[in-house]
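As a plain string of letters, each chain reads:
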Amino acid sequence: MDELILYTEHFNFYYGNFHALKNISMGMEAHKVTALIGPSGCGKSTFLRSLNRMNDIIPGTRVEGKVIFDGNDIYEKNVDVVDLRRKIGMVFQKSNPFPKSIFDNVAYGLYINGERNKSIIADRVEESLTGAALWDEVKDRLDKSALDLSGGQQQRLCIARALAIKPEIILMDEPASALDPIATQKIEELIFELKNEYTIVIVTHNMQQAARVSDFTAFFYLGELIEFGDTERIFTNPKLKKTEDYVTGRFG
Amino acid sequence: MQNRKHKNKAVILRQLRENIIERFFQVNGLFAVIVLVGIFSLLLIEGLPALQSLGLKEFFLNRIWDPTSFERESYGLLSMIVSTLMVTLGAMVIAVPLGILCAAYIADIAKPRVREIIKPVIEILAGIPSVVIGFMGIIVVGPMLAKIFGTSNGLNAMNGSILLAVMSLPTIISISEDAILAVPQEFKNASLALGATRWQTLVRVTIPAAMSGIIASVMLGMGRAIGETMTVLMATGNAPAMPGGFFDSVRTMTATIAIELGETVQGGIHYKSLFVIGFVLFLMTFVVNLVSDVVLQKYQKVSR
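The structure reproduced in this document is the subject of the present report. (Residues numbered from 1 in each chain as written. Chains lettered and ligands numbered in written order. Predicted model: local features only at pLDDT ≥ 70, side-chain atom pairs only at ≥ 80, totals over all residues. Heavy atoms only, no water.)

1. A look at the overall build of chain A
Part 1: When helices and strands are tallied, chain A shows ten helices and eleven strands.
Part 2: Its C-alpha atoms give chain A a radius of gyration of 18 Å, near enough to 18 Å, the size a compact globule of 252 residues would have.
Part 3: C-alpha extents for chain A along the principal axes are approximately 55 × 45 × 35 Å.
Part 4: A separation of at least 24 residues holds for 68% of the contacts in chain A among residues at least 6 apart in sequence.
Part 5: Accessible area of chain A: about 11200 Å², with a carbon and sulfur share of 47%.
Part 6: The distance from the centre of the 30 positive side-chain charges to the centre of the 36 negative ones in chain A is 5 Å. (Helix = DSSP H or I, 4+ residues; strand = E, 2+ residues; numbered from the N terminus. Rg over C-alpha atoms; globule rule 2.2 N^0.38 Å. Contact = heavy atoms within 4.5 Å. Areas by Shrake-Rupley, 256 points an atom, 1.4 Å probe, with all protein chains shown as cover. Lys, Arg positive; Asp, Glu negative; His and termini not counted. Charge placed at Lys NZ, Arg CZ, Asp CG, Glu CD.)

2. A word on the pairing of strand E5 (residues 61–69) of chain A
Residues and elements named next belong to chain A.
Part 1: With eight bridges connecting them, strand E1 (residues 4–15) and E5 associate as antiparallel partners. Looking at E5, one finds that Thr 8 is bridged to Val 67.
Part 2: Where E5 meets strand E6 (residues 72–73), two bridges bridge the pair, whose relative direction is antiparallel. Of the residues in E6, the one forming a bridge with Ile 68 is Asp 73. (Pairing = 2+ DSSP bridges.)

3. A look at the nonpolar core
Part 1: Counting residues in each nonpolar core, the largest one holds 64 residues, and the members touching the most others are Leu 77 and Met 253 of chain B.
Part 2: Per-element tally for this core: the top contributor is helix H2 (residues 78–109) of chain B, with twelve residues.
Part 3: In contact with Met 253 of chain B, not counting residues within four places along its chain, are Met 80, Ile 81, Thr 84, Ile 277, Val 280, Leu 281 and Met 284 of chain B.
Part 4: Counting 43 residues, the second-largest nonpolar core is a separate cluster that includes Ala 132, Ile 159, Met 172 and Ala 176 of chain A. (Core = buried A, V, L, I, M, F, W, Y, C linked by side-chain atoms within 4.5 Å. Buried < 20%, exposed > 50% of the residue type's maximum accessible area, 1.4 Å probe, protein only.)

4. Focus: the pairing of strand E2 (residues 18–24) of chain A
Residues and elements named next belong to chain A.
Part 1: Pairing geometry for E1 and E2, over four bridges, is antiparallel. Following the sheet pairing, Tyr 15 is matched in E2 by Phe 18.
Part 2: The hairpin formed by E1 and E2 contains two residues between the paired strands, and Gly 16 there has a positive phi angle of roughly 60°.

5. Comments concerning the pattern of salt bridges
Part 1: Evaluation of the coordinates by the stated rule reveals 16 salt bridges over all chains.
Part 2: Taking the shortest distance from any N to any O, the salt bridge between Glu 137 of chain A and Arg 156 of chain A comes out at 2.8 Å. Of the two residues, Glu 137 of chain A sits in helix H5 (residues 135–138) while Arg 156 of chain A sits in helix H6 (residues 151–163), which places them 19 residues apart along the sequence.
Part 3: We classify Glu 137 of chain A as partly exposed; its relative accessible area is 31%.
Part 4: For Arg 251 of chain B, the salt bridge goes to Glu 260 of chain B, with nearest N and O atoms at 2.3 Å.
Part 5: What makes Arg 251 of chain B buried here is its relative accessible area of 9%. (Salt bridge = Lys/Arg side-chain N within 4 Å of Asp/Glu carboxyl O.)

6. Here's the deal with the packing of aromatic side chains
Residues and elements named next belong to chain B.
Part 1: In the structure shown here, the tally under the stated rule is 15 aromatic pairs over all chains.
Part 2: Plain terms: the ring middles of Phe 40 and Phe 279 are 5.5 Å apart, the flat faces sit at 55° to each other, and that makes the pair tilted. Residue Phe 40 is located in helix H1 (residues 2–60), and its partner Phe 279 is located in helix H11 (residues 269–303); the two are separated by 239 residues in the primary sequence.
Part 3: Exposure remark for Phe 40: the relative accessible area of 31% places this residue in the partly exposed category. (Phe/Tyr/Trp six-rings, centres within 6.5 Å; stacked < 30°, edge-to-face > 60°.)

7. Overview of the interface of chain A and chain B
Part 1: Across the boundary between the two partners, chain A contributes 25 residues, which contact 21 residues of chain B.
Part 2: Here chain A packs against chain B, burying approximately 2000 Å² in sum over the two surfaces, 62% of which is carbon and sulfur.
Part 3: Ranking the residues of chain A by area buried against chain B places Pro 99, Tyr 108 and Ile 112 of chain A at the top, with a combined share of 26%.
Part 4: Across the chain A-chain B interface, the total number found is one salt bridge. (Buried area = accessible area lost by both parts, 1.4 Å probe.)

8. Quick word on the packing of helix H6 (residues 185–193) of chain B against helix H7 (residues 198–209) of chain B
All names here are of chain B.
Part 1: One can describe the packing of H6 onto H7 by two numbers: an axis separation of 10 Å at closest approach and a directional angle of 145°. For the pair H6 and H7, the crossing hand works out as right-handed. Taken together, the residues of H7 that come into contact with H6 (itself represented by Phe 187, Lys 188, Ser 191 and Leu 192) are Arg 198, Thr 201, Val 205, Thr 206 and Ala 209.
Part 2: The class makeup of the residues in the contact of H6 with H7 is four nonpolar, three polar and two charged. (Axes fitted to C-alpha atoms, helices over the stretch in contact; angles between N-to-C directions. Left-handed = near helix turned anticlockwise from the far one by under 90°. Nonpolar A, V, L, I, M, F, W, Y, C, P; charged D, E, K, R; others polar.)

What follows is the structure in structure tokens.
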């Protein structure tokens, strides 16, 4: 593995007394897609949210170990969470556009970063919507409510919103699980495009999806990282029986 | 054959019962409308003769209200309409920012334990009788205002505004708080994940998303302030003249009705002109509700 942009060392996560993630050590290569798979409750989403400290919002949680991004542990005391989240963006399972216009949704991240120059904002909105393969569908109705868009469009809008602040990494938590096959396909194509510029970590329930879009796959089970490696190898030649059983659909 | 006839009877009975129940609900639903129409027509019927004999001009262009004058009886409503608007708007200027901030604090910032203390306190505040608030105005707020601003007494529009603000705060706070609490966590997550601070999330996402509920709370609070009688009667000095500012004594429409209705000849022109006041007050609250409905709908169109 050449260039690790983000990696964890002996990372543990607790919800109160519940030990949700056990001693996870793995790394994400830059400009690659890393998929996190595993049955429900295995900790893959918790792990994803730990990478930009979205779990901080939940009271009673605790971490041990390190998450290294750009050479620094993001759980160090002096780390500014706000700054961190601007560099590591996130797209959620349920598309969650703000009840604002399409334009304002994408511009939101710029506004809160203090950008006030209208032409810069307009350019960036177009760039981001184009990057999320949504521009052609919405360019004539940027001032309409984002909630009038279809589910797939809403999710691509959320991706555009994340792109607008130019993060280095984008975390995606089952971004297509609530979408129909065609919308899912669009999101997958988009992920393929995006990895030219961004590093992507994606949680998915859908094994075919992981196989299609990712370069690396990590299999989680009961809070442990069971196996991690090239996607192709994980799906064709897994080292462990448990991984094989899961990727071939024998349990899950 | 026998069996079938029996069945039909059961069906008819069931349908009849359904029908009766439906009618019962309908009557209950209509009750509010009937009461409203009743009040409206009562005000109109009682007030109309005064309007006819004195003319709109007398009511709305004359600046003086002095129905018992020896020289010339005057029925100008302007001073009390202005007084009512002043006291109400003054109250809203104080209560709206305070109420929204308080609601946001309770709903979004306060720890659960703090919330459990503050919420019941606010509910108790809502239960204080208006006469007690008026009493506070006379012995606490009024003298304080007089001291701070160096006026001879504190019984003025400012005093009324402060007291009405206190009275409408519980309404504004509890309804706004519900609205803010109802904002889905997903919106806040999205905002935080984009690197927004907690404060930016509150101001730019949570409060705008709760705005329809917040507007409704303000309108309800305002409705309470416009219609409030006892507090303003006690605390604003009751000078039936055109106020020149917030430090003048004022007499609102509600206070005028309450003070004078018992001392007029029933059925006389003075008596009937008090109903005109009531009618105008009714129209004002109606307009407030109408405007808030329009604002709400417009807002929901953008945010939906």
